[in-house]
Amino acid sequence: MLKGKNALVTGSTSGIGEAIARALANAGASVTLNGFGDKAQIEKLRTTIAAEANVEVAYSSADMTKPSEIASMMAEAEKKFGSLDIIVNNAGIQHVSPVEDFPVEKWDQVIAINLSSAFHTIRAAVPGMKRRQWGRIINIASAHGLVASPQKTAYVAAKHGIIGLTKSVALEVANNGITCNAICPGWVLTVLVERQIAARAQASGKTVKEEELALLSEKQPMHQFSRPENIGALTVFLCSDAAATITGSSYSIDGGWTAV
Ligand code: NAD
């Protein structure tokens, strides 16, 4: 379905981004991976996805807090593959703290990775997409892009911000064959969430399993984690011809979190 298209997924060395990269590759797109981690493991991931999907897979170690590294990553990916047709802004981190104790450098880091990096990738990708009159921009927001929780000020601000960015870009490129949408997951069991569950278990003295259920039942009517593959499948759908007129939307995949 996506044969001949070239995709880039930020933060795709683990969790949701990795699943999105796999899903796009399995749909036929060449993919540029990005993110941190062990060099050998990333290389294994790169070659495994390439072999499984029979597509080219590249990797960029660009740090999403650094606009100059993002610019180089975008230019290199476009040069290597000849075009950048699909970009998925997925890289993200969390920091949990009361607002009065929130470290300033953590605020800056969360806003840079979870929000500003998407501005930098989008501004680099749009000119080529306009020239080719085809593009798909998908921003991984969160249920926290639609509703808030306490002690997550930077994350909630960044995720609300990325939904605004999504809508504004969608309007600008509406008649250029480019769509721009956000996906808003609820709880997905990845490293980002495992860390929060471990911190809760340490604070409460309860088991990790007990804290998993407590975390789910506080927010999600459906007491079940979404799987990274679910987000991958929705991303592929948003890249398909069937989704050609879906733009400026925010898709919840959250076990009913934002329905209450
Ligand atoms: P994760 O921790 O498993 O993956 C995060 C990825 O981002 C990794 O590849 C990491 O290397 C990369 N990354 C971190 N800092 C980076 C930087 N400075 N530059 C480049 N890459 C960097 O987390 P995840 O749960 O898969 O989260 C992916 C996205 O999904 C995030 O935007 C997150 O906010 C969002 N999300 C996650 C959940 C959830 O429950 N897990 C829910 C809603 C939204």
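Further up the page is the structure itself.
Now for a quick tour of the structure. Values in this document were obtained by computation on a predicted structure and should not be read as measured data.

Contacts to the ligand come from 30 residues, most closely from Thr13, Asn90, Tyr155, Val188 and Thr190. Note that an oxygen atom of the ligand is positioned 3.3 Å from one of the backbone N or O atoms of Gly11. The contact in question runs from an oxygen atom of the ligand to an N or O atom on the backbone of Val188, over 2.7 Å. Protein chains bury 94% of the 830 Å² of accessible surface belonging to the ligand in isolation. Per-element tally for the shell around the ligand: the top contributor is helix H6 (residues 191-204), with three residues. Here the residues of the shell around the ligand sort into 16 nonpolar, twelve polar and two charged.

Next up on the list: the side chain of Asn89. Looking at where Asn89 falls in the secondary structure, it is placed in strand E4 (residues 86-89). A polar atom in the side chain of Asn89 sits 2.6 Å from the side chain of Thr121.

Orientation of helix H3 (residues 67-81) relative to helix H4 (residues 104-132), taken along the N-to-C sense of each, is 30 degrees, at an axis distance of 9 Å. By the angle between their directions, the pair H3 and H4 is classed as roughly parallel. By crossing handedness, the relation of H3 to H4 is classed as right-handed. Packed against H3, whose contacting residues are Pro67, Ile70, Met73, Met74 and Glu78, the element H4 presents Ser117, His120, Thr121, Ala124, Ala125, Gly128, Arg131 and Arg132 at the interface. Classifying every residue of the contact of H3 with H4 by side-chain character gives six nonpolar, four polar and three charged.

It is worth spelling out the pairing of strand E1 (residues 6-9) at this point. Looking down a regular strand, the side chains alternate between one sheet face and the other. Burial along E1 is two-sided: the face carrying Asn6 and Leu8 and the face carrying Ala7 and Val9 are both buried. For the crossover from E1 across helix H1 (residues 15-26) to strand E2 (residues 30-34), the handedness is right-handed.

What counts as what
- Residue numbering note: each chain is counted from 1, following its sequence as written.
- The predicted origin of the model limits local features to residues at a pLDDT of at least 70 and limits the giving and counting of side-chain atom pairs to 80 or more, whereas totals for whole chains, interfaces and linings rest on all residues.
- Working from all heavy atoms in the structure, the side-chain values ignore hydrogens and water.
- Note on terminology: near, applied to a residue and a molecule or strand, indicates that one of the residue's heavy atoms is within 4 Å of it.
- Each polar contact in these results corresponds to two N or O atoms within 3.5 Å; when the atoms are within protein, one needs to be able to donate a hydrogen and the other to accept it, and residues that are neighboring in sequence are counted only if both atoms are side-chain atoms.
- Using the Shrake-Rupley algorithm and a 1.4 Å probe, accessible areas are obtained, with residue cover drawn only from the displayed protein chains.
- Helix numbering and strand numbering both begin at the N terminus, where a helix is a DSSP run of H or I of at least 4 residues and a strand a DSSP run of E of at least 2.
- Under the scheme applied, nonpolar residues are Ala, Val, Leu, Ile, Met, Phe, Trp, Tyr, Cys and Pro; charged residues are Asp, Glu, Lys and Arg; polar residues are all the others, including Gly.
- Note on geometry: axes are lines fitted to C-alpha atoms, helical ones only across the stretch in contact, with angles between N-to-C directions running from 0 to 180 degrees.
- Small angles under 35 degrees read as roughly parallel and large ones over 145 as roughly antiparallel, with 65 to 115 read as roughly perpendicular and the rest as oblique.
- Whether a crossing is left-handed or right-handed is set by the direction in which the near helix is turned from the far one by less than a right angle, anticlockwise for left-handed and clockwise for right-handed.
- Contacts: residue pairs with any heavy atoms within 4.5 Å of one another.
- Buried means the residue's accessible area, taken with a 1.4 Å probe over protein chains only, is under 20% of the maximum for its type, while exposed means over 50%, and partly exposed covers the values in between.
- If the strands point away from the viewer and the path from the first strand over the helix to the second runs clockwise, then the crossover is right-handed.

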